[in-house]
Amino acid sequence: MKRKILAIVLVLSISLTLFSCGEESSVAIKQDKTSVNSLAKTPYSDGPDTIENIVKKLVSVYNLPELSEEDKNYEINMGYYNCDHMTAGPIGEFIGMYKALGLNVKLTGNANVPAAMQAGQMDIAYCGWTTTLSAVQKGVPLFIAAENHIGGAEYLIVRKGIDMSNPENLYGKSVSFGTDPETTNLNWAEWTTKLGIDRDSSKYQGVAMKDAEEYTAMKAGHLDAYICCDPWGTMAQYSNGKDIEAVGNIIIRQDTDRTKDGLGHGTCCKVAMHGDFAKAHTRLAERLLLAHTLTLLFCYEHPYIASLGFSAYYNVPVKVALENFWRKFVDEGRTLRWDLNIDYMRNQLNTMKHYGIRDDINTVNVEDYVDLQYFNNCGAINFEEFIKKNIDPVFPEGQDWETYNKVALAIDGINESDIPEYVTIDDLKLIK
């Protein structure tokens, strides 16, 4: 995919610098403070501001005690998977949230979380909750420490040109759905049921690929369908009208609100923490979870700025990144959040049992895998109150993508014509 960084148009016109040292960036967030309009006025902002100032404002609410020298010097190993459900991990690094809270975090993407934690090489991770359950059963001393994502933004993508008015047209096609999807992939079980097609993987040319590889394979004409997390669902439908064309369509998405089916609301990915780390560094454990909540809060309030980091870490266009946030924050509900609902976890296990998925873990007691003491002591504000006060008036549920995009740009003083196609990790270093 051709990158058009446009000298990456991320520089503050006027004297807005994103450098904490006060130096001016050659990479631009072309913020325009002179054209602030009514859309830029929110319950939390009077107009464009620097990343540094926004983060300082969020952290200043807390009168945090000074960390011990041992905690200051401790390098926290954090892992995340290359799925947009885990976006708080890398965005926290990009906006400087960890540093603002005095945390020395080493971030690793696409990490083998269970193996790394078992080996004592990882302290905290953004990962699928079933991954956590499987790891604990194998003796890995980790626990679910906070909420992260309650569902949505997982999709079945079908290549353009395949007529899905008759879903049976998928038979015989190459589909990336992992190994033994009949008993391991809840999405596959639910979607085939809803589409009225066979769950039996032998009816298809089954393959197992990573999400980004699936997109590339479909683009090259080597794959007909795939199951993915975003951003690769949004990316499949993205076209810039020039050198990037849409390759597929979202046919069906994950919906964990199964209340109408009598199965209740389910859930998705979580924040997992190593038990030994949490006991030895209680203050760090609590502050990491505060960083998690404040980073998600930042993303809700400033989705355009967050999309710059998303573009760099996930290697997708900035507009794809911003549309991802619209899906999670508005279109599919407030699905990225920090307030853990254990009933949702129980409901998810019951749904897995209903479809015969992961019989090795679907009968566990979730209370044995959850420890919320560190989250409860971290100082996180109430999620629902935050949404009602700050987000509902600005980005109400049901808001269409075009309006969301317009408001998000206005809040951070961005003109549509100044949005770069892509942002790189090196660019982020310049705009911090």
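Residues numbered from 1 in each chain as written. Predicted model: local features only at pLDDT ≥ 70, side-chain atom pairs only at ≥ 80, totals over all residues. Heavy atoms only, no water.

A.B. asks: Would you mind going over the pairing of strand β12 (residues 269-274) with me for this structure?
C.D. replies: For a regular strand, side chains alternate in direction, first toward one face of the sheet and then toward the other. Along β12, 6 of the 6 residues are buried, which leaves the element largely enclosed by surrounding structure. Side-chain alternation along β12 places C269, V271 and M273 on one buried face and K270, A272 and H274 on a second face that is also buried. Pairing analysis gives 5 bridges linking strand β3 (residues 124-128) to β12, with the strands arranged antiparallel. In the sheet register, I124 faces β12, and the bridge partner there is M273. (Buried < 20%, exposed > 50% of the residue type's maximum accessible area, 1.4 Å probe, protein only. Helix = DSSP H or I, 4+ residues; strand = E, 2+ residues; numbered from the N terminus. Pairing = 2+ DSSP bridges.)

A.B. asks: It is not clear to me how the packing of aromatic side chains should be interpreted in this structure. Could you clarify?
C.D. replies: The geometry of two aromatic rings is summed up by the distance between their centres and the angle between their planes. Under the counting rule described, the total for this entry stands at 19 aromatic pairs. Every member of this aromatic cluster is reached through a ring pair, and the members are Y80, Y300, F310, Y314, F325, F329, W338, F383 and F386. (Phe/Tyr/Trp six-rings, centres within 6.5 Å; stacked < 30°, edge-to-face > 60°.)

A.B. asks: Even after reading the chapter, I still don't get the packing of helix α13 (residues 303-314) against helix α14 (residues 318-331), so can you show me in this structure?
C.D. replies: Packed helices, taken two at a time, are described by the angle their axes make and the gap between the axes. For the pair α13 and α14, interaxial distance at closest approach is 8 Å and the crossing angle is 125°. Our classification of the angle between α13 and α14 gives oblique. Handedness of the crossing formed by α13 with α14: right-handed. When α13 is examined against α14, the residues P303, Y304, A306, S307, L308, F310 and S311 are found in contact with a partner set consisting of V318, A321, L322, N324 and F325. Within the contact of α13 with α14, the residues separate by chemical class into 9 nonpolar, 3 polar and no charged. (Axes fitted to C-alpha atoms, helices over the stretch in contact; angles between N-to-C directions. Parallel < 35°, antiparallel > 145°, perpendicular 65-115°, else oblique. Left-handed = near helix turned anticlockwise from the far one by under 90°. Contact = heavy atoms within 4.5 Å. Nonpolar A, V, L, I, M, F, W, Y, C, P; charged D, E, K, R; others polar.)

A.B. asks: Just checking my understanding: could you explain the confidence of the model for the protein chain for this structure?
C.D. replies: Low-pLDDT portions of the prediction should not be read for the details of their coordinates. Scored by pLDDT, the protein chain comes out at a mean of 89, with 91% of its residues at no less than 70. In the model, residues 1-27 has pLDDT below 50 throughout and makes 87 contacts with residues more than four positions away in sequence or in other chains. (pLDDT = per-residue confidence, 0-100.)

A.B. asks: Mind showing me how you'd approach the side chain of S174 here?
C.D. replies: The topology assignment puts S174 in strand β6 (residues 174-176). By relative accessible area, which is 10% here, S174 ends up buried. Side-chain polar atoms of S174 contact the backbone nitrogen of D224, separated by 3.0 Å. The residues touching S174, leaving out its near neighbours within four places in the chain, are Q205, H222, L223, D224 and A225. (Polar contact = N/O pair within 3.5 Å; in protein donor to acceptor, adjacent residues only side chain to side chain.)

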